[in-house]
Amino acid sequence: MTNTPLVLAGILILAVGTFSLRFAGPVMRSRFELPERAQQVLAAAAIVLLTALVATSALTDGHGPAGVARPAGVLVGGVLAWRKAPFVLVVVAAAATATGLRLIGVP
Amino acid sequence: MLMRSIWRTLDRGLARDIGLVCLADGVVGLSYGAISVGGGLPLWVPVLLSLVVFAGASQFLFVGIVAAGGSPIAAMIAGLLVNTRHVAFGLAVSDVIGSGWRRLPGSHLMTDENVAFAIGQDDLRQKRAAYWAGGIGIFVCWNIGVVVGGAAGSVITDTDVFGLDAAFPAVLLALVLPALRDRATRTAALIGVVFALAVTPFLPAGLPVLLALAGLLFYRAGKPALEVSQ
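Caption draft 1: Representation of the environment of Val27(A). Note on placement: Val27(A) falls in helix H1 (residues 4–31). Once the C-alpha coordinates of Val27(A) and Leu75(A) are considered, the two residues, 48 residues apart in sequence, prove to be 37 Å apart.

Caption draft 2: Just helix H10 (residues 164–180) of chain B, in detail. Taking 1.5 Å per residue, 17 residues should reach 24 Å; H10(B) reaches 24 Å between its end C-alpha atoms and fits that length. Along H10(B), the sharpest kink reaches roughly 30°, centred on Ala174(B) and followed within four residues by the proline Pro178(B).

Caption draft 3: Main features of the interface of chain A and chain B. Listed as interface residues are 61 residues of chain A and, on the opposing side, 73 residues of chain B. Mapped by element, the contributors of at least two residues to the side of chain A that touches chain B are H1, helix H2 (36–59), helix H3 (69–82) and helix H4 (87–103) of chain A. With 21 residues, the top contributor of residues to the side of chain A that touches chain B is H2(A). Counted by class, the side of chain A that touches chain B contains 40 nonpolar, 17 polar and four charged residues.

Caption draft 4: Fine view of the environment of Val209(B). Along the chain, Val209(B) turns up in helix H12 (residues 207–211). Among all residues touching Val209(B), those that are not within four sequence positions of it are Leu49(A), Ala52(A), Leu53(A), Thr56(A), Arg85(B) and Ala196(B).

Caption draft 5: Highlighting unusual backbone geometry. You will see that Lys84(A), though not glycine, has its phi angle at about 60°, which is positive. Classification of Lys84(A) by C-beta neighbours within 10 Å gives exposed; the count is 11. Backbone geometry places Phe54(B), a non-glycine residue, at a positive phi of 50°. You can see Phe54(B) is positioned in the loop between helix H3 (44–52) and helix H4 (56–67). For Phe54(B), a count of 22 C-beta atoms within 10 Å corresponds to the buried category.

Definitions and cut-offs
- Residues numbered from 1 in each chain as written.
- Chains lettered and ligands numbered in written order.
- Predicted model: local features only at pLDDT ≥ 70, side-chain atom pairs only at ≥ 80, totals over all residues.
- Helix = DSSP H or I, 4+ residues; strand = E, 2+ residues; numbered from the N terminus.
- Expected span 1.5 Å × (residues − 1).
- Bend = angle between axes of the 7 residues up to and from the residue.
- Contact = placed C-beta atoms within 7 Å.
- Nonpolar A, V, L, I, M, F, W, Y, C, P; charged D, E, K, R; others polar.
- Buried ≥ 20, exposed ≤ 12 C-beta atoms within 10 Å, placed from the backbone.

Printed below as a string of C-alpha cells:
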C-alpha cells in the first residue's frame, strides 16, 4: 500500500525542486547583463538540449532501442518539416506512420 | 491585459499549431492518469503531480517508480534529474518570459514544447505570445486530461497506439529545424546527440540529454561575415 505522507513529501519536494530549476534561469539573467557571445551560447544550449531530446525520445526507450515504428514516424515527420510542410501535416504523418507500421506488425 | 495581448499577437496559423500540440498533450495526460490509477495509485497522486510539478517525463517516472513499489524519495530524485534541463531553457528564454511577477507563472509553465515554439519565432513579441499561449494551453489540456484519464480509468493506457510517441519528437524536431540551419548550432547539436545516445544505455533517465551539452564545446559562434564568404 502507498505510504501517503511519504508520497506527498516526495511530490512536494519534486514540485519545489522543479520550480527552482525553472526559475533559476530567469533569476540569474535578471542579475547580470550578459555579453552577446554568452547569449548566443545559451540560445545554442537550448537547441542542443531539444535536439538531444528528439534523438533520445525517437530512438531509445528506457536503456534500449525504441524499435522501428517510432523512429520511422519521426523520420517521416522530420523530412516533411525539412521540406517546409505545414506543422499539422508533420505531426499527423509522424503519428500515422508509426501507427500504420504497428498495425502491420512492425515493432 | 496579458491574455489580450497574447491573442492579438498570435497569428492564426501559429495558434492552430499550438492548439494541436495542446490537444496531443491532453491525450498523453489521459494515458498518464489512466496508467497511474491502473497501477494502483490513488487519483490525487497523478492529479497533484500534474498541478504542482507539471513536467510530463518526470511525472511518468515518478508514478512508475512508486506504483512498482519503489521509494517516493528515489522517485523524487529521478524526477528532479529529468527536469534539470529546465535550467538551460530558463537561461535561454528569460527575455521571452518577461520580468517581475510574470517570472513566477512563466517559470511554472515552462515545457519542452512551448520553449521550442518560442525559439521558433522571429521577433520577441511573437516569441512571448507563443510561449505563453503554449504554456497556458498545455497546462489546461494536460491537467484536464489527467483528471479525466484517472477518473475514467482504462480508456487509453497506451498512447503508442495512436503514434503519439512518434508525434512528440516530430513536433520538437519541426520546431528546432530552423535553428539547425545555422552551422555552428547544428554542429554542436549533432555532436550532443552522439554523446546522449552513446550514454543512454548506462545512465539514468535525464542525464543523457544533459550530457549533450558537451556538444557546446564544439560551438563556434558566427562572425556572420566570415561564414558567408566561405
